[in-house]
Amino acid sequence: MQQQTTLWTRDFLIDSSVNLFLYLTYYLLILTITVFASEAFEATPSQAGLASGLFILGALVARLFAGRSIEGLGCKRMLYLGVGLLLGTSVLYFAVGNLQALYAVRFFNGLAFGICSTATGTIAAHLIPKERRGEGMSYYAMSGTIASAIGPFLGMVLCSYSTMDMIFLLCTVLSLCCLG
């Protein structure tokens, strides 16, 4: 009888949790940032959409370079770099005073997300035993799926019953959880 290799290690759970918190920050803001741009800066629908879309552009740019950089820096350092940038950009949302500043913060927040998500995916691939790769990657990916179910709903509830500062605070706390 073949002995089954362990999938649910401490490191795998931490990496999956970081991925969950990372994707929660993404999903909390993807819908609500357009409302914020419209209300705070009287942005047109296309300007508000750009504020949302610049995040994706930043994430795409980061992923183009993060994969190569992981080889040189290592997964863990790359993740710390990304989480540090994520935390910094999360705090910057509180200081945004105009639409152009929001655009810049969204782009750099997207860069941070791209770096982090590339690093967590690479770490997961290294942590999962070869014999359980399909199963392990499915469980890892579930953290993003759970975030996609919770994040937009939570963001819209907070947007309706609270302030954007509360959403920015929650994103900052989630970033801190990633760092922890």
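Everything here concerns the structure above.
These numbers come from a predicted model, not from an experiment.

Conventions and cut-offs
Residues numbered from 1 in each chain as written. Predicted model: local features only at pLDDT ≥ 70, side-chain atom pairs only at ≥ 80, totals over all residues. Heavy atoms only, no water. Helix = DSSP H or I, 4+ residues; strand = E, 2+ residues; numbered from the N terminus. Buried < 20%, exposed > 50% of the residue type's maximum accessible area, 1.4 Å probe, protein only. Phe/Tyr/Trp six-rings, centres within 6.5 Å; stacked < 30°, edge-to-face > 60°. Axes fitted to C-alpha atoms, helices over the stretch in contact; angles between N-to-C directions. Contact = heavy atoms within 4.5 Å. Nonpolar A, V, L, I, M, F, W, Y, C, P; charged D, E, K, R; others polar. Expected span 1.5 Å × (residues − 1). Bend = angle between axes of the 7 residues up to and from the residue.

K.L.:
Describe unusual backbone geometry, with residues and values.
P.N.:
Across residues other than glycine, the phi torsion is negative in most instances, and most of the peptide bonds are trans. In this structure, Glu42 is a non-glycine residue whose phi angle is positive, near 50°. Along the chain, Glu42 falls in the loop between α1 (10-41) and α2 (45-73). Note on Glu42: relative accessible area 71%, which makes it exposed.

K.L.:
An account of the packing of aromatic side chains is requested, with residue identities and associated values reported.
P.N.:
Here a ring pair, both rings aromatic, is described through the centre-centre distance and the interplanar angle of the planes. Scanning all chains against the criterion turns up 14 aromatic pairs. With centroids separated by 5.2 Å and ring planes inclined at 25°, the aromatic side chains of Tyr26 and Phe55 adopt a geometry described as stacked. In this pair, Tyr26 is assigned in helix α1 and Phe55 in helix α2, connecting sequence segments 29 residues apart. An identical accessibility class is assigned to Tyr26 and Phe55; each is buried. Taken together, a centroid distance of 5.6 Å and an interplanar angle of 80° make the contact between Phe107 and Phe108 edge-to-face.

K.L.:
So what's going on with the packing of α1 against α2? Residues and values would help.
P.N.:
Relative to each other, α1 and α2 sit at 145°, their axes nearing to 6 Å. Residues Tyr23, Tyr26, Ile30, Ile33, Thr34, Ala37 and Ser38 of α1 pack against Ala48, Gly49, Ala51, Ser52, Phe55, Ile56 and Arg63 of α2. Of the residues assigned to the contact of α1 with α2, the class counts are 9 nonpolar, 4 polar and 1 charged.

K.L.:
If you had to explain helix α6 (residues 164-179) to someone new, which residues and values would you point to?
P.N.:
For α6, spanning 16 residues, the distance from its first C-alpha to its last is 23 Å, which sits close to the expected 22 Å at 1.5 Å a residue. Where the residues of α6 are buried, they touch α1, α3 (75-92) and α5 (133-161).

K.L.:
Outline α5, listing residues and values.
P.N.:
Taking 1.5 Å per residue, 29 residues should reach 42 Å; α5 reaches 42 Å between its end C-alpha atoms and fits that length. At Ser148, α5 shows its strongest bend, of approximately 25°, with the proline Pro152 following within four residues. All buried positions along α5 are accounted for by Gly136, Tyr140, Ser143, Gly144, Ala147, Gly151, Pro152, Gly155, Leu158 and Cys159. Check the buried side of α5 and you find it contacts α1, α4 (99-127) and α6.

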